Amino acid sequence: MFEWACVIVALFLGAPAAQAAGFVVRDDLDRSVTLARYPQRIVTLLPSLTETICALGACGRLVATDNYSDWPPQVKALPKAGGIDDAEIELIVSLRPDLVLLSRSQRITGRLHDLGLASFALNTDSYPEIAHTVTVIGDILGLPDRAKRLNESISEEVQAISARAIARRHGHVPTVYFEVDGPPYAAGPSSYIGELLGLLGARNIVTADLGPFPPLNPEYVVRHDPDVIFVSPSEAAHVADRPGWDRIRAIREHRVCSFIPAVRDTIVRPGPRVAQGMQAIADCLAQVSP
Amino acid sequence: MLRHAVADLGAERFECAASGRLGTWLVCCVGVTMLLTAISLLVGTTSIEESWKWLLSPDAKSSVVLWQIRLPRTVGAWFAGALLGLAGAVAQGVFRNPLAEPYLLGTASGAALGVTVCLMAADASVGGLALMGQIGVTGAACIGACAATLLTVTLSRGVLQTASLLLSGIVTAFLLSAVTSLLLLTKPEIWREMQTFLLGTTSFISWSSAILLGIVLCICIVPAVLLSRGLDALTLGEDTAQSLGLSLPWLRLTLLGIVALATSTSVGQVGIVGFVGLVAPHLVRETLSVNHRQLLIAAPLGGGALLQAADLVSRWIIRPAELPVGAVTACVGGSYLVFLLWRRSRDG
Amino acid sequence: MAEARAQLAADPVVLSCRDLTVAYGSRIVFEGVSLEICAGQWTAVVGPNGSGKSTLLRTLAGLTPAKAGTIRLQGRRLSAWPRRERARNLAWLAQTAAPTELTAAEVVALGRFAHSGWLAHRKAEDDASMHRAMRATGSLAWAQRRLSTLSGGERQRVHLARVLAVEAPVLLLDEPTTHLDPPHQEDVARLLREQAHIGGVSVLSAIHDLSLALTADRLIVLGHRGVVGHGTVREALAGDWLSAAFCTRVDIVEHGGVHLWKPALAENGAS
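The residue numbering used here restarts from 1 in each chain and proceeds along that chain's sequence as written. Each chain takes a letter, starting from A, and each ligand takes a number, starting from 1, following the order in which they are written. Given that this is a predicted model, residues contribute local features only at a pLDDT of at least 70 and side-chain atom pairs are listed and counted only at 80 or more, while totals for whole chains, interfaces and linings are drawn from all residues.

(A) Looking closely at the overall build of chain B. Secondary structure is summarised from DSSP: a helix means a run of H or I of at least four residues, a strand means a run of E of at least two, and numbering begins at the N terminus for each. The helix and strand tally for chain B stands at 15 helices and 0 strands. For every residue, the other C-beta atoms within 10 Å of its own C-beta are counted; 20 or more classify it as buried, 12 or fewer as exposed, and values in between as partly exposed. C-beta atoms are placed from the backbone. When each of the 348 residues of chain B is scored for burial, the buried share is 53%. The contacts of chain B with a sequence gap of at least 6 include a subset with a gap of at least 24, amounting to 78%. Two residues form a contact once the distance between their C-beta atoms, set from the backbone, is within 7 Å.

So this is what it looks like as structure tokens:
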């Protein structure tokens, strides 16, 4: 009898817990966000956050995304709530979301608060932060186990790709120059892309002290003579025309890679598709490495 | 020497005394240019010692850096600066306004729009990519700049009134900037590439670019110097110039054509570099008193040296990264103008 | 120059206009003006402010388009003259000079523009004209000085030298004596007389100083409603044109063979 009473009491106590009555999470703006229950109507304003939620199987909870979210394909049908700097507040409010997920640098958090909407800022700027984001979102959604499993699978895939890439090269470490957003900006080792390159065992000709996206003097690339060059598709056609670049090893031996926009998205968005992005880079490195 | 000859009442000839000061100025400019060119071989991503070693015992890679990258860059920067200095001096003469500068016909905004359209087309479709491959950012900027000039002249209904030309230039600049901003809103990803162009860059000047800039400089400076007497006559007033036998519409058309050609070529190769076209003629006039023939020779020399120096600073300050050269000219040019203002207020 | 003089001897009327009407927008400055300027004479244009003296000169110089009427220079319509040829035959002096950094010699050399053209390659003939012009106006001494360093009067003389250097048979001068002190004003008057009588040049000048204007050969008197009269100075005095033009506020008196103006006294003795 006493055991039955304990179970009933536990159920009473547990039921609100299952509803997560008033749980508090800290976001990247160091705010404590109180949620009455696991959010069922979510608006995301950053593509990587959209992808994370869908990777956790909670795509159905999304009511709107930003303009650039396009994976998985079903989110394209959702209403679009604006770009990075110009979120459409009226649309967001009209959808009555439980939670708005956005990045630290978006400035509408104050407006949302005034309008009585809960917002949560999350930034994923580097590879280690991907796991953190997945965990936090898992906690918010009430899916901590799925989050853990997702993190494990991402980690396994990444390690496998990395090991395969390094093994294939038999000890040779290729030097790489990765151009972003047109000349002269290069991805340094401290940038997300730089981290991926590091994981693949490639050496970036840009050194860490230059920062994440230094505007390089073009002669720097000529002097360091990388084995592989990554540029945007529009530059790939005439990268050899740049003065002095025609004698760079990568260009002489046709080891210039560029990615179509759909593939490029997996590389520049730190999120659950990191392994695919890495694979794309690794494929390129494999094709062109000796 | 020449001054004495003229003071002589019996003298029948009036030698236009090329003052000793102008000669000094020209020699200084040429000297500074040579010095900067020499320094440019040593300045880049390496230390000066290392560059010096390269000069003494070159190998294949260092030769490429020295003679394919550093030298054409500094030569091209000089030509681009000279074009801007020339365009600024001509614009100030045609508009009889010391604040005129090469971009006042809307060329900068037109070039920016051209580049935006080109980048968007390249992103949008394969055909666009092919087109961009053909003309490149350079060609797009040039076409945009010329189109803007045409728009300005059309809006002001010909070149008859300088006031309406100035106004049309402003209108064109605003209009095209607005269109550019609207386009960028739809595709903010190309903003970073646009910035490189908008802030000016000498990083990718090759020998062919430098030669092109040099050829255009010759094409522009010869007719400008030939027409310099017309600019002198214009300083006496438009009516007086007309009464002396000048055809004002033709003069303006030709001179503005020179400004447009010089500016659009420069913008196509180095992006939008401000202040050089404004400051170079000012510098000449502040240190010397010249007529237009002398100004149209001295201002390009000054402009060339200015942009050369800015290029060196942009490569040196945060090496191996570099600053956009337009940012350097803005700092230097802005400081010079502040200094002028201060001096003027001090002198009362 | 000799050819010009020969031609002038044949047909004394060098510049004429018929039924000339000039308007700025809807405001008519003067209408239906018909004049004839003869060779070898100095004609002064006088009139109150706003009567259109400058406008008349500008229109005759071809700088302001006329609303109606024709202008003929040496018998040919002004519009039919090629630009440079017209500039060689008709020189105009502006009322106000724009500031310039040129030297005096450079400014006077611009007067030879219609003769020597763009390339500024000056021949001995050009230098001789410049020298003569600068000596006549007494501005040789500051040939190498910048105009901005000269006084108003000195500048005026340089501009006059420029106009003289053109060696045109017709001179249209808008207030040539501005900024000049009285002795130099008299110098200019004498210069203009010499140019006309000895050089055979037709000089048409707008002068606001009535006493100076009355030393000219002929007068064109403009009033607020058009030309009050044009003819010799004697005819002007006889017809009381000046009084009419200036709304009876001026009187002309003769003193020692020279005509002078003085303010007219009103009936009650006040002026």
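(B) Up close: the overall build of chain A. The secondary structure content of chain A amounts to 12 helices and 10 strands. A principal-axis box enclosing the C-alpha atoms of chain A has dimensions of 85 × 45 × 35 Å. Within the span of chain A, comprising 290 residues, buried residues form 43% of the whole.

(C) Here's a closer look at the confidence of the model for chain A. Taken residue by residue, chain A gives an average pLDDT of 86. The fraction at 70 or more is 92%. For every residue, the predictor reports its confidence as pLDDT, a number between 0 and 100. Per-element confidence in chain A is highest for strand S8 (residues 203-204) of chain A, whose mean pLDDT is 94, and lowest for helix H1 (residues 2-18) of chain A, whose mean pLDDT is 56.

(D) A look at the interface of chain A and chain B. Contacts between the two partners involve 24 residues from chain A and, on the opposite side, 28 residues from chain B. For the side of chain A that touches chain B, the elements supplying multiple residues, two or more each, are helix H8 (218-224) and helix H9 (233-236) of chain A. Examining the composition of the side of chain A that touches chain B, we find that 5 residues originate from one element, H8(A), more than from any other. Residue type decides the class: Asp, Glu, Lys and Arg count as charged, Ala, Val, Leu, Ile, Met, Phe, Trp, Tyr, Cys and Pro as nonpolar, and the leftover types, Gly among them, as polar. Here the side of chain A that touches chain B is composed, by residue class, of 13 nonpolar, 6 polar and 5 charged.

(E) Molecular detail of the sheet that holds strand S5 (residues 76-77) of chain C. All names here are of chain C. The antiparallel open sheet is built from 4 strands, whose spatial order is S2-S1-S4-S5. Every other strand in the sheet has two partners, leaving strand S2 (27-38) and S5 as the edge strands with one partner each. Where strand S1 (residues 13-24) meets strand S4 (residues 68-73), 5 bridges bridge the pair, whose relative direction is antiparallel. When the sheet's bridge partners are listed, arginine 18 is paired in S4 with threonine 70. Each axis is a line fitted through C-alpha atoms, taken for helices only over the stretch in contact, and angles between the N-to-C directions span 0 to 180 degrees. In the packing of helix H2 (residues 53-60) onto the sheet, contacts are made with S1, S2 and S4, and the angle to S1 comes to roughly 120°. Any two strands are treated as partners once DSSP identifies two or more bridges connecting them.

(F) Quick look at the sheet that holds strand S10 (residues 256-257) of chain A. Residues and elements named next belong to chain A. Pairing is parallel across the open sheet formed by 4 strands, whose spatial order is S8-S7-S9-S10. If you trace the sheet from one side to the other, it starts and ends with S8 and S10, each paired once. Looking at chain direction, strand S7 (residues 175-178) and strand S9 (residues 228-230) are connected through 3 bridges and run parallel. Of the residues in S9, the one forming a bridge with valine 176 is valine 228.

(G) View of the interface of chain C and chain B. At the interface, 31 residues of chain C touch 25 residues of chain B. Among the elements that take part in the side of chain C that touches chain B, helix H6 (residues 124-136) of chain C stands out by supplying 5 residues, more than any other. Of the residues belonging to the side of chain C that touches chain B, the class tally is 22 nonpolar, 3 polar and 6 charged.

(H) Representation of the nonpolar core. Counting 176 residues, the largest nonpolar core has B:Leu83, B:Leu86, B:Val90 and C:Val108 as the members making the most contacts within it. Of all the elements, helix H4 (residues 60-94) of chain B adds the most residues to this core, at 14 residues. As used throughout, a nonpolar core is a set of buried Ala, Val, Leu, Ile, Met, Phe, Trp, Tyr and Cys residues joined through C-beta atoms within 7 Å of each other.

(I) Highlighting the environment of B:Arg21. Residues and elements named next belong to chain B. Among the structural elements, arginine 21 can be located in helix H2 (residues 20-42). What makes arginine 21 exposed here is the crowd of 12 C-beta atoms within 10 Å. In the structure, arginine 21 is positioned 155 residues away from leucine 176 in sequence and 43 Å away in space, judged by C-alpha atoms.

(J) Just the pairing of strand S5 (residues 99-102) of chain A, in detail. Residue and element names in this part refer to chain A. The alternating pattern of S5 places Leu99 and Leu101 and Val100 and Leu102 on opposite faces, both of which are buried. In terms of strand pairing, strand S3 (residues 42-44) meets S5 through 3 bridges, oriented parallel. Paired with isoleucine 42 across the bridge in S5 is leucine 99. When S5 meets strand S6 (residues 119-121), the two strands line up parallel, connected through 3 bridges.

(K) Representation of helix H5 (residues 107-124) of chain B in the model. Between the first and last residue of a helix there are one fewer steps than residues, each counted as 1.5 Å, and that sum is the expected span. When the terminal C-alpha atoms of H5(B) are compared, their 25 Å separation across 18 residues agrees well with the 26 Å that a helix rising 1.5 Å per residue should span. Among the 18 residues in H5(B), 13 count as buried, and that is most of the element.

(L) Region of interest: the packing of H5(B) against helix H7 (residues 162-186) of chain B. All names here are of chain B. At their nearest, the axes of H5 and H7 sit 8 Å apart, and the two run at 20° to each other. Accordingly, the angle class assigned to the pair H5 and H7 is roughly parallel. Two packed elements cross with a definite hand, and for H5 against H7 that hand is left-handed. Residues Ser109, Gly110, Ala112, Leu113, Thr116 and Met120 of H5 form the contact with H7, whose participating residues are Thr172, Ala173, Leu176, Ser177, Val179, Thr180, Leu183 and Leu184. Comment on the angle field: the value is read as roughly parallel under 35 degrees, roughly antiparallel over 145, roughly perpendicular from 65 to 115, and oblique elsewhere. By the definition used in this description, the sense in which the near helix is turned from the far one sets the handedness, with an anticlockwise turn below a right angle giving left-handed and a clockwise turn giving right-handed.

(M) Expanded view of the packing of H2(B) against helix H14 (residues 292-316) of chain B. Residue and element names in this part refer to chain B. At a closest axis distance of 10 Å, the pairing of H2 and H14 adopts a crossing angle of 25°. When the interaxial angle is binned, H2 and H14 end up roughly parallel. Where H2 crosses over H14, the handedness of that crossing is left-handed. Where H2 approaches H14, its residues Leu22, Trp25, Leu26, Cys29, Val32, Thr33, Leu36, Ile39 and Ser40 are matched on the opposing element by Gln294, Ala298, Leu301, Gly302, Gly304, Ala305, Gln308, Ala309 and Leu312. Each residue belonging to the contact of H2 with H14 can be placed in one class, and the counts come to 12 nonpolar, 6 polar and no charged.

(N) Looking closely at the pairing of strand S10 (residues 226-232) of chain C. Residues and elements named next belong to chain C. Pairing analysis gives 6 bridges linking strand S9 (residues 218-223) to S10, with the strands arranged antiparallel. Paired with glycine 223 across the bridge in S10 is glycine 226. As consecutive antiparallel partners, S9 and S10 are separated by 2 residues.

(O) Focus on the environment of C:Pro48. Residues and elements named next belong to chain C. Positionally, proline 48 belongs in the loop between strand S3 (42-46) and H2. Of the residues examined, proline 48 has 17 C-beta atoms within 10 Å and is grouped as partly exposed. Along the primary structure proline 48 and histidine 208 are separated by 160 residues, whereas in three dimensions their C-alpha atoms are 8.1 Å apart. Those residues within four positions of proline 48 in sequence are excluded, and the remaining contacts are His224, Ala245 and Phe246.

(P) Highlighting unusual backbone geometry. In this structure, the amide linkage connecting A:Trp71 to the following residue, A:Pro72, adopts the cis form with an omega of -5°. Here A:Pro72 lies in the loop between strand S4 (62-64) and helix H3 (89-94). That bond from B:Arg319 to B:Pro320 is cis: its omega, 0°, falls within 30 degrees of zero. By the secondary structure assignment, B:Pro320 is in the loop between H14 and helix H15 (325-346). Look at C:Gln74: it is not a glycine, yet its phi comes out positive at around 50°. Take C:Gln74: it is sitting in the loop between S4 and S5.

(Q) Expanded view of H6(C). Residues and elements named next belong to chain C. The terminal C-alpha atoms of H6 lie 18 Å apart, and with 13 residues this matches the ideal 18 Å at 1.5 Å per residue to within 8%. Those residues of H6 not exposed but buried are Asp126, Ser129, Met130, His131, Ala133 and Met134. Buried residues in H6 make contact with helix H4 (104-110), helix H5 (113-116) and helix H7 (152-165). One or two residues past the end of H6 sits glycine 138, with phi positive at roughly 70°.

(R) Focus on the environment of B:Phe174. Structurally, B:Phe174 is set in helix H7. Once the C-alpha coordinates of B:Phe174 and B:Leu198 are considered, the two residues, 24 residues apart in sequence, prove to be 15 Å apart.

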